[in-house]
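# Coordinate analysis (summary)
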Amino acid sequence: QVQLVESGGGSVQAGGSLRLSCRVSGYSYIRTYMAWFRQLPGKEREGIVGVYPANGRTEYAKSLKARFTFSQDIATDTHFLQLDSLEPDDTGIYYCAASTSGVRDWTRPAEYEYWGLGTQVTVS
């Protein structure tokens, strides 16, 4: 079974950056659909980026694409989310998610059967 461990959250000033990481284990990395979601206070969980390493397909939320960037290190089965130009409204919990059974709509949390515990991002 897939295990996901996020790290890299913290507190930064407005305009600053953070690099979040997600260590993936328990299944073939390239055959696992990966995604980052976040949950802001009082809002529904929203997709940031969805990735399928096997074919290189990467999709971003339009509103966040300019500031958030996905990358990966397959040697360590780890992928990253670079958060730049952070704003106070970005404050929330950021989650790594995964699916081994396929994803039809990457923006829907219900598509993913595996989730990390989340990492807190606070921007002041």
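That block above? That's the structure.
None of the values given here were measured: they were computed from a predicted structure.

Attention shifts here to the overall build of the protein. Per the secondary structure count, the protein includes zero helices and 11 strands. Start at the N end of the protein and walk to the C end: the helices and strands fall as β-β-β-β-β-β-β-β-β-β-β. Rg of the C-alpha trace for the protein: 13 Å, near the compact-globule value of 14 Å for 124 residues, within the 12% margin. Along the longest, intermediate and shortest principal axes, the C-alpha atoms of the protein span 40 × 30 × 25 Å. The contacts in the protein between residues at least 6 apart in sequence include a share of 57% that link residues at least 24 apart.

Within a pair of aromatic rings, the relevant descriptors are the distance that separates the centres and the angle that separates the planes. For the structure on display, the rule yields five aromatic pairs. Centre to centre, the rings of phenylalanine 37 and tyrosine 112 are 5.4 Å apart; their planes meet at 70°, and the pair counts as edge-to-face. Here the residue phenylalanine 37 occupies a position in strand β4 (residues 33–39), and tyrosine 112 occupies one in the loop between β9 (92–99) and β10 (114–115), the gap between them amounting to 75 residues. Across this residue pair, the class does not change: phenylalanine 37 and tyrosine 112 are buried. Seen from their ring centres, tyrosine 112 and tryptophan 115 are 6.3 Å apart, and the 80° between their planes marks the pair as edge-to-face.

On to the state of the cysteines. For the coordinates displayed, the defined rule picks out one disulfide. In this model, cysteine 22 is linked to cysteine 96 through a disulfide, with the two sulfur atoms separated by 2.0 Å. Judged by the sign of its S-S torsion, about -70°, the cystine formed by cysteine 22 and cysteine 96 is left-handed. On the criterion of sequence distance, the pair formed by cysteine 22 in strand β3 (residues 18–25) and cysteine 96 in strand β9 is long-range, its members being 74 residues apart.

Further remarks concern the nonpolar core. Among the nonpolar cores identified, the biggest contains 26 residues, and Leu4, Trp36, Ile48, Phe68, Leu81 and Leu83 are the most heavily contacted of them. Going through the elements one at a time, β3, β4, β5 (46–52), β7 (68–73), β8 (78–83), β9 and β11 (119–123) are the ones with two or more residues in this core. Among the elements that take part in this core, β3 stands out by supplying four residues, more than any other. Look past the residues within four positions of isoleucine 48 in its chain and what remains in contact with it is Trp36, Phe37, Arg38, Glu59, Tyr60, Ala61, Leu64, Phe68, Leu81, Tyr94 and Trp106. Membership of the second largest hydrophobic core comes to six residues, among which are Ala35, Phe37, Val103 and Tyr112.

Scoring rules and cut-offs
Residues numbered from 1 in each chain as written. Predicted model: local features only at pLDDT ≥ 70, side-chain atom pairs only at ≥ 80, totals over all residues. Heavy atoms only, no water. Helix = DSSP H or I, 4+ residues; strand = E, 2+ residues; numbered from the N terminus. Rg over C-alpha atoms; globule rule 2.2 N^0.38 Å. Contact = heavy atoms within 4.5 Å. Phe/Tyr/Trp six-rings, centres within 6.5 Å; stacked < 30°, edge-to-face > 60°. Buried < 20%, exposed > 50% of the residue type's maximum accessible area, 1.4 Å probe, protein only. Disulfide = S-S within 2.5 Å. Core = buried A, V, L, I, M, F, W, Y, C linked by side-chain atoms within 4.5 Å.

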